[in-house]
Amino acid sequence: MQKHDLISDFSEVTPSAKIATMTHGWRAKCLQRLVRLDLPVPRTVALPAETVRAIAAGRPLDCDGVLACFGKRPLVSVRPSPQDPDWGGPSTVLNIGMNAERHAELVKTQGQTAADALYLRFVQRYAISVARLDPDMFDIAEPSAEALRNALRVYRDEMEEDFPENPAQQLAEVLRSVARAWEGTSARLLRQSKGAPADAPLGLVVQEMAQGFGQGISGSGTIQFIDPVTGLPQVTGRFLGQSQGSDIKARGADALYLTRDPRGPSLEDIAPEIFARLAQQGAACRAKLRDEMQIEFTIDDSKLAVIDAVRVPRSSRAGLRIAVDLARDEIITHQEAVLRVEPRALSELLHPQVDPRGPRDVIVRGIGASPGAATGRIVFTSAAAQASAARGEQCILVRRETAPEDIRGMHSAVGVLTERGGMTSHAAVIGRGLGLPCIVGATDLNFDTKELRIVTKSGRTLVAGDLITVDGTTGEVLAGSVEMLPPALDDAFRTLLSWADDARDIGIRANADTPSDAQTARDFNAQGIGLCRTEHMFFEEARLVAMREMIFADTASDRAAALARILPMQRNDFVQLFEIMQGLPVCIRLFDPPLHEFLPHSRDGLRELAEALDRPLSEVTRRAEALAEFNPMLGMRGVRLGIVLPEIYDMQAQAIFEAVVEVGRRGGSITPEIMIPLVSAKREVELVKNRIDAVAAKVRTAKGSDFDFKLGVMVETPRAALRAGDIAQHAAFLSFGTNDLTQMTYGLSRDDAGRFMNIYVQQGVYPEDPFHILDVDGVGELLLIGAERGRQARPGLTLSICGEHGGSPESIAFCRKAGFDYVSCSPYRVPLARLAAAHLALMDRFGHN
C-alpha cells in the first residue's frame, strides 16, 4: 500500500496542538492541559474521532508515522477518549510494541521477572481483545518465563501463525479492534444508557509507556485529595510497587498507603520527595483544570510520570461540597458552582442515606419513590405504627398499598414499603410530602394479610417485628440495620442554595398541610405555602369523631354544632401555620375529599362508629353505603361539598379569619389566600365567595378587627382551564392542580395507571408517565389557555401550579416560559426546585444548552 493511501490525521499532544474535546475527546484534551502545566506526561499522540471512524471502516492508519513520534523501539498504550468520560469506552491496551527483541533488551535493563511480566501482559491482552481468543486459555496466575512461552505457544496453535513481532502491525490491529468495539451493538447500548447519543464519537490516544517495573522505587498508583463520599479534604489512593495500570485493582492487598499510616508503610515514608511532587501536581490540576482530579501515575526508578487525570468519582454530597469549595477559592464562579450540581442530586442530601461503603444484604427491590433511608421494625397496620411510635420504637409501615386512612400510620413510621403502586401512588406522593423514605411496587413480595407476613420470591419470610432498612433512593429493602450517612444540610448546602436564589427568577413555595410541614418549608427557605390541604387536619382522632358526627347529622344546625367542636382546633392549626411562616403568603385549600373517606370500611369499624354515635348499626351501614360513590374522584367533593354542605366552608373560613386576628393581636401580620378546589363554573365561585365574604364580615364585627384576604381558585378540571376568563373575574389567583387536571385530561386514574404505564412508555404511547413528568403538549396546553384567558380578563392575576409536578425541573421550565409567578411543591422538593429554577435562569443568561 502506498504511503499516500494511509490515514495521517493524528497529532502529537503539545501545548499548541489543535486538540479539542469535540474532535479528540476529553482524555486527549485533558492530557494537553496537563502538558501545559509542565507535568511529566509521557509523549502522547491523539487520534481524532474521524480517524477512528475511518479505522473502524477498514482504512489503515500510518502506524509507522505514529510510532516515529516516540523514538526508537517504543512501547506504547492505547486509551479511549470519548467526549464525556461518563460514556466509558473500550479497555486500555498496554505495552504495544513488545516483541522478542524488546523483551531481550528489558531483561538486561529491568530483569527477567519484570520483562516476562510485561511481555506476558501484552500477549494476554492482545490475544483476548484483538485476536478474540478464549480468555480461559490465557488465564495465568503468576508471570514467568515458562508462562510466557506457554502463552505464545497457545496463540500460535490457535491462530496458526506466530504472535506478531512488528510494532506497527500490533498497533494497527489494536486500533482497529478498539475502534470496532466502540461501534458494536453492546457498546452502543451501554453508552446510550449513560446518556450518550447512539452515534457518539470516540477519539483515541497513543501514549508512551512509563514502566512501573525495574530498579529502585518503581510501580504505579492513583492519588486524589478529597473523600469521594463526603467531599472533605483527604488524600486517598494506593501505590503498588512493580506494577502497571490496573494491577493495583487486582493486587490491592499488596499496595502501600500514600500518606503516613499506622496500619502499614506508605509512599510518603519511602519517597517523601515524590509524594510532595504529587501533592503539588494535584494542587496545580485543581487550580488549572478547575476540578478535583484523580491522578494516575507511574514511578520508574524514582522517576515520576503522570499518565492521566480524571475527575474524582464522587457522591452527590461530595459533588456539592467540591463545587462550593472551588467557588470559595475563586477557582470557579458562584454561578458555575450552581450549574455544576444537578438539582435531582439534592434529594439524596436531605435525608439519611445508606453508606455506599458498607455491605448490603438486599431482600427485595422495588421503586424508590421517596429518597432517603430508614431502619425500623416491620408493622403491618397504621394502628401498630402509632403504637410503636408511642413506645419510642422506630418502625417501617408495610402495606399492600396505602389509603387516606393510613396517614396517621405514615406520620408515625420512619419508612414505608408497599407491594403495589408507582411513582404517583398514594404512598409515593405522601411519602415525598412527609420526607419519608418510601419504596413502592415491590412486586416480588407476596403479602399474606391473614398471617401478617411477607414472603419474597427467593423464599425469605419477614414477620412483624423483623428489623429492615428501606432505601428509598435505590428502591432496595435491606436486612437488618446498616451504616448510615446523616443528611448533608451543612454550610455548603445552604451556601449553594443562597447562590441559586440570587440567580432564579420564579417563586418557590411549598405544599404544607401541618405545622411540621410548614416548619420544614421555612427551614428550606420556601417563599410561602402554595397549597395547604386542610382535609389532612381532620384525620386526627378527636377531629375524626366530630367529623363523623357532622356526616351523620340530619340538619344544618346539627352539622354546624359538630363542626363547632372542630373550629378551635382548626383555628389553632392556622395560627401555628401563620406564625411559622412569619408573614409569608399561605394559600389554604378548602375541604376537598368526598365524605366517605372519613368513614371506616370494615364491619368492625362501622360497629365501633355506631357505638360512638349511639345509633343502630343498620342505620350507620346504610348511611355509609349511601355516601359511597362509583367514581369518587368525579363525585361530590371539592366545591360541590362546599355548596351542598356550606357549613363546612363556613367553619373553615371562620377558623382562618379568627387565626388572622389572633396572629395580629400577637404582633404578626398575614394576608391569607383561600383557594376553592375542583371548580368548573363561575357560578360555583360566586356562591362560595358570597358566603366567605359574609363570614369575614361577621368575624370583623365580632372581633372588632379588620383584615384582608385573597380568594382564588384551584384549576383542576379542563373546563375550569377553558373558562378561566369567566372564573378570574372573581379570583385573585389561579393555581393549577396538575394532579387532578392530568387525571381528567387523560381520563386516567393516577392510582391505577401503574398497571400499564410502563408498557405505554416503552411502546411510545406516552413519552413519559404524565403523572411524573408534566405533559406539556396536552395538559400544558390547558395551562397556557387558562393562563392567557385568565390574565386577559384580569391583568395581574397571580398564576402558579401546586400539583406533584411543581418540583420537577421540566415543570419549572414550562412555568417560567409561560410567565407563571411561582410553583409549589412538597417541602422536601423545595431545595431541588430552587436549584432547578436557578439552572434555568443561568442557562438562559449564559446561553448554555
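Residues numbered from 1 in each chain as written. Predicted model: local features only at pLDDT ≥ 70, side-chain atom pairs only at ≥ 80, totals over all residues. Heavy atoms only, no water.

Asker: Looking at this structure, how should I read unusual backbone geometry?
Answerer: Outside of glycine, negative phi angles account for most residues, and trans bonds account for most peptide bonds. Positive phi, close to 65 degrees, is recorded for Asp38, a residue that is not glycine. You can see Asp38 is positioned in the loop between helix H2 (26–36) and strand S2 (44–47). Although it is not a glycine, Arg73 adopts a positive phi angle of roughly 40 degrees. Residue position: Arg73 is located in the loop between helix H4 (63–68) and strand S3 (76–82). (Helix = DSSP H or I, 4+ residues; strand = E, 2+ residues; numbered from the N terminus.)

Asker: What exactly am I supposed to notice about the sheet that holds strand S17 (residues 445–448) here?
Answerer: Hydrogen bonding along the main chain pairs the strands of a sheet, whether they run parallel or antiparallel. Sheet architecture is open: three strands sit in the order S17-S18-S19, paired in antiparallel fashion. Across the chains shown, the open sheet's two edge strands, defined by having one partner strand only, are S17 and strand S19 (461–463). Within this sheet the neighbouring strands show an average axis-to-axis angle of 20 degrees, counted without direction. (Pairing = 2+ DSSP bridges. Axes fitted to C-alpha atoms, helices over the stretch in contact; angles between N-to-C directions.)

Asker: Can you walk me through the side chain of Glu673 in this structure?
Answerer: Within the element layout of this structure, Glu673 appears in strand S26 (residues 673–676). Looking at Glu673, its side chain comes within polar contact range of the side chain of Arg509, at 3.0 Å. Not counting the four nearest positions on each side in its chain, Glu673 is found in contact with Arg509, Pro585, Val586, Cys587, Ile588, Lys710, Phe733 and Tyr822. (Polar contact = N/O pair within 3.5 Å; in protein donor to acceptor, adjacent residues only side chain to side chain. Contact = heavy atoms within 4.5 Å.)

Asker: Got a minute to help me understand helix H33 (residues 830–846) in this structure?
Answerer: Think of an α-helix as 3.6 residues a turn; residues three or four steps apart then line up on the same face. Under the 1.5 Å per step criterion, the end-to-end length of H33 is 24 Å for 17 residues, consistent within 8% with the ideal 24 Å. Counting buried positions along H33 yields 13 of 17 residues, so the element is predominantly enclosed. The positive-phi residue at the C-terminal boundary of H33 is Gly847, with phi of around 75 degrees. (Expected span 1.5 Å × (residues − 1). Buried < 20%, exposed > 50% of the residue type's maximum accessible area, 1.4 Å probe, protein only.)

Asker: Would you take a moment to explain the packing of aromatic side chains for this structure?
Answerer: Two numbers describe a pair of aromatic rings. These are the distance of the centres and the angle of the planes. Here the structure, examined in full by the defined rule, presents 16 aromatic pairs. Taking 5.2 Å as the distance between ring centres and 70 degrees as the angle between the ring planes, the aromatic pair formed by Tyr126 and Phe163 counts as edge-to-face. One end of the pair, Tyr126, is in helix H6 (residues 112–130); the other, Phe163, is in the loop between helix H7 (145–159) and helix H8 (167–183), and 37 residues separate them in sequence. As far as the burial class goes, Tyr126 and Phe163 line up, both buried. (Phe/Tyr/Trp six-rings, centres within 6.5 Å; stacked < 30°, edge-to-face > 60°.)

Asker: Can you walk me through the side chain of His103 in this structure?
Answerer: Examined against the element boundaries, His103 turns out to sit in helix H5 (residues 100–110). Side chain to side chain, His103 and Asp116 meet in a polar contact 2.7 Å long. Those residues in contact with His103 that sit more than four places away from it in its chain are Met98, Gln112, Ala115, Asp116, Tyr119 and Leu148.

From the geometry alone we can't say anything about function, so treat these as descriptive.
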